[in-house]
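Secondary and tertiary structure notes
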Amino acid sequence: MTNVNIEESWRKELQTEFNKPYFTQLISFVRSEYSCHKVYPPGSLIFNAFNLCPFPKVKVVLIGQDPYHEPGQAHGLCFSVNDGVPFPPSLSNIFKEIQSDTGAAIPSSGNLTRWAEQGVLLLNATLTVREHAAGSHQRHGWEEFTDAVIQTLSAKRDGIVFILWGSYAQSKAKLIDSSRHYILRSAHPSPLSAYRGFFGNHHFSLTNEYLVKKGKEPIRW
């Protein structure tokens, strides 16, 4: 049995995944990468998204693809960077849309821990990456694991908002029961596509309208 350092409610929900052969191979690959290369995020933060947002508290799932691969940025939450790190372009565009959609001021820090603690699961499809090498840990088993996370939330919870930006995230819609959950889709916030449907998508206000309708506390974006 693979011993994974993850928040207890998630451990219970995902134990069957941890016991599968692919996960054992994945952990072996990840350990060898951390021992031979510079890998992000730091090992203790690989499951940060889960540790900050326990399974019963998830209200919103935001799906990213890969952790940031430059020094000091990644800390286990998609789109988020550590305090004091300049905003990457996609995050900058996310804050612009929040401001235009909800009127909230652009924050001084790109650290989205505050969202995670309110019930936003900031889930990258791949949870680790080698320094300076985007996509280097794709297709080694992380996607199978995070797909299982999405399917488990879809099957065992109700009334979650799934936010899918860009074609990669939108490919995950097939894992979600749209009769039980609210799926929001748009272009990705990267500079290449933000003007093709990300700006003006109103996903932040739409999320909160839905949560309030379901009797849940809205997110303070």
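Residues numbered from 1 in each chain as written. Predicted model: local features only at pLDDT ≥ 70, side-chain atom pairs only at ≥ 80, totals over all residues. Heavy atoms only, no water.

**As for the pattern of salt bridges**
Scanning all chains against the criterion turns up six salt bridges. Note that Glu 13 is salt-bridged to Lys 156, the shortest N-O span being 2.9 Å. Here Glu 13 is found in helix α1 (residues 8–18), whereas its partner Lys 156 is found in helix α6 (residues 142–156), with 143 residues between them in sequence. Taking the shortest distance from any N to any O, the salt bridge between Arg 130 and Glu 33 comes out at 2.9 Å. Pair noted here: Arg 130 is in strand β4 (residues 129–130) and Glu 33 is in helix α2 (residues 21–36), with a separation of 97 residues, a long-range link. Classification of Arg 130 by relative accessible area gives partly exposed; the value is 29%. (Salt bridge = Lys/Arg side-chain N within 4 Å of Asp/Glu carboxyl O. Helix = DSSP H or I, 4+ residues; strand = E, 2+ residues; numbered from the N terminus. Buried < 20%, exposed > 50% of the residue type's maximum accessible area, 1.4 Å probe, protein only.)

**Some details on the sheet that holds strand β2 (residues 60–64)**
Taken in spatial order, the four strands of this open sheet run β3-β2-β5-β6, and their pairing is parallel. The sheet is open, and its two edges are formed by β3 (120–124) and β6 (182–186), each paired on a single side. Pairwise comparison of adjacent strand axes, ignoring direction, gives a mean angle of 20° for this sheet. By the bridge criterion, four bridges tie β2 to strand β5 (residues 161–165) in an arrangement that is parallel. Note that in β5 the partner of Leu 62 across the bridge is Ile 163. (Pairing = 2+ DSSP bridges. Axes fitted to C-alpha atoms, helices over the stretch in contact; angles between N-to-C directions.)

**Description of the packing of aromatic side chains**
Each aromatic ring pair is described using two quantities: the centre-to-centre distance and the angle formed by the ring planes. Across all of its chains, the model carries 21 aromatic pairs by this definition. Ring geometry for Phe 23 against Phe 145: centres 5.4 Å apart, planes inclined by 55°, an arrangement best described as tilted. Placement of Phe 23 in helix α2 and of Phe 145 in helix α6 is noted, with a sequence separation of 122 residues between them. Grouping aromatic residues by their ring pairs yields a cluster made of Trp 10, Phe 18, Tyr 22, Phe 23, Phe 47, Phe 50, Phe 55, Trp 142 and Phe 145. (Phe/Tyr/Trp six-rings, centres within 6.5 Å; stacked < 30°, edge-to-face > 60°.)

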